[in-house]
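Structural overview
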Amino acid sequence: MKIAIIGGGNMGGAIARGLVASGTFPAADITLAGPHREVLDKVAADAPGISVVTDNPTAIKGADIIILAVKPWVLPGVLEEIAPRIAFREQAIVSLAAGVSLADIDGMLHRYSTARTLFRAMPNTAMSVGSSMTFLCHDNASQKSVDDVVAIFDRLGSTAVIEERLMGAATALCSCGIAYAMRYVRAATEGAVELGLYPAAARDYILTTLKGAVSLLESTGNNPEVEIDKVTTPGGVTIKGLNAMEANGFTTSVIEGLKASAK
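If you're wondering where the values come from, they're calculated on a predicted model, not measured in any experiment.

The rules behind each value
Residues numbered from 1 in each chain as written. Predicted model: local features only at pLDDT ≥ 70, side-chain atom pairs only at ≥ 80, totals over all residues. Heavy atoms only, no water. Patch = residues over 30% accessible without salt bridge, like charges linked within 9 Å, V, L, I, M, F, W, Y side chains within 5 Å. Areas by Shrake-Rupley, 256 points an atom, 1.4 Å probe, with all protein chains shown as cover. Salt bridge = Lys/Arg side-chain N within 4 Å of Asp/Glu carboxyl O. Helix = DSSP H or I, 4+ residues; strand = E, 2+ residues; numbered from the N terminus. Buried < 20%, exposed > 50% of the residue type's maximum accessible area, 1.4 Å probe, protein only. Pairing = 2+ DSSP bridges. Right-handed = clockwise from strand over helix to strand, strands pointing away.

Here's the deal with a nonpolar patch on the surface
A cluster of nonpolar side chains, Tyr184, Leu210, Met245, Phe250 and Val254, forms an exposed patch at the surface whose accessible area comes to about 430 Å². As for its placement among the helices and strands, leucine 210 is situated in helix α9 (residues 199-220).

Here's the deal with unusual backbone geometry
Where the residue is not glycine, phi is negative for most of them; where a peptide bond is considered, it is trans in most cases. In this model, asparagine 140 sits at a positive phi of 55°, which is unusual for a non-glycine residue. Inspection of the secondary structure puts asparagine 140 in the loop between β7 (132-138) and α6 (143-154). Asparagine 140 sits in the exposed class, given a relative accessible area of 73%.

Quick notes on the environment of arginine 89
Looking at the secondary structure, you find arginine 89 in the loop between α4 (75-82) and β5 (92-95). Expressed as a C-alpha distance, the spacing of arginine 89 and lysine 259, which sit 170 residues apart in the sequence, is 38 Å.

Considering the pairing of β5
Side chains Ala92 and Val94 of β5 all project onto a buried face; the interleaved residues Ile93 and Ser95 project onto the opposite face, where all are buried too. Relative to β5, strand β4 (residues 65-68) runs parallel, the two sharing 4 bridges. Paired with isoleucine 65 across the strands is alanine 92, a residue of β5. The parallel pair β4 and β5, bridged by α4, forms a crossover whose chirality is right-handed. Judged from the 3 bridges that link them, β5 and strand β6 (residues 118-122) form a sheet pairing that is parallel. Across the sheet, serine 95 pairs through a bridge with arginine 120, a residue of β6.

Without other data, these values stay purely geometric and don't point to any function.
Here you go:
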């Protein structure tokens, strides 16, 4: 299965790096295209064996799956450029452009073909280390096409196929959500430094704690509140800290952030 990735930026580069790093996808079957050769060469150095080109129509030739890892405002121009060269019955198109619906993409391609296999995908940047949470939706794609696209993103982490109406919520929760998790790590590090710990050590301690929290929830299947109850003894320091966070809007801030991102 050959893949063409249009867009050598953060997302396109992360896909290429992640697929090669997985060790389960041949680098020779990946072509990465973008306008800036120096950017492409940097990705190629991290993902040895992939092909890089600055011409988008050349990149899609012979590809089974075309991944459009470009910004929403760039997508129409890219589609206009490559559409005359797409073999629509043989090539699946996967768009990573946030907020651009399948109907929007269909409209951009309508004059070229009425038989298309279209997907939207929303991964996050943890693709490059094989830990993305990716969401997919599609427009009546065959089960084989769905399986092929899922197989690609499963190499980059976990994949869920959902209804398109849920893509906004999924984007907020996991694509934007990785930034929210990073912000928590930063805030916790700053608080730890104020309490007297060195920044590098505090960061390591926080990451280990987060890994432990994830492992507990995964192994037990418990609601987070069950695990919280285990460490909130009456009059203890944990409940004091939790109450102080809630008084400063912790839960409300998280919910409102998700709602803002999902619009």
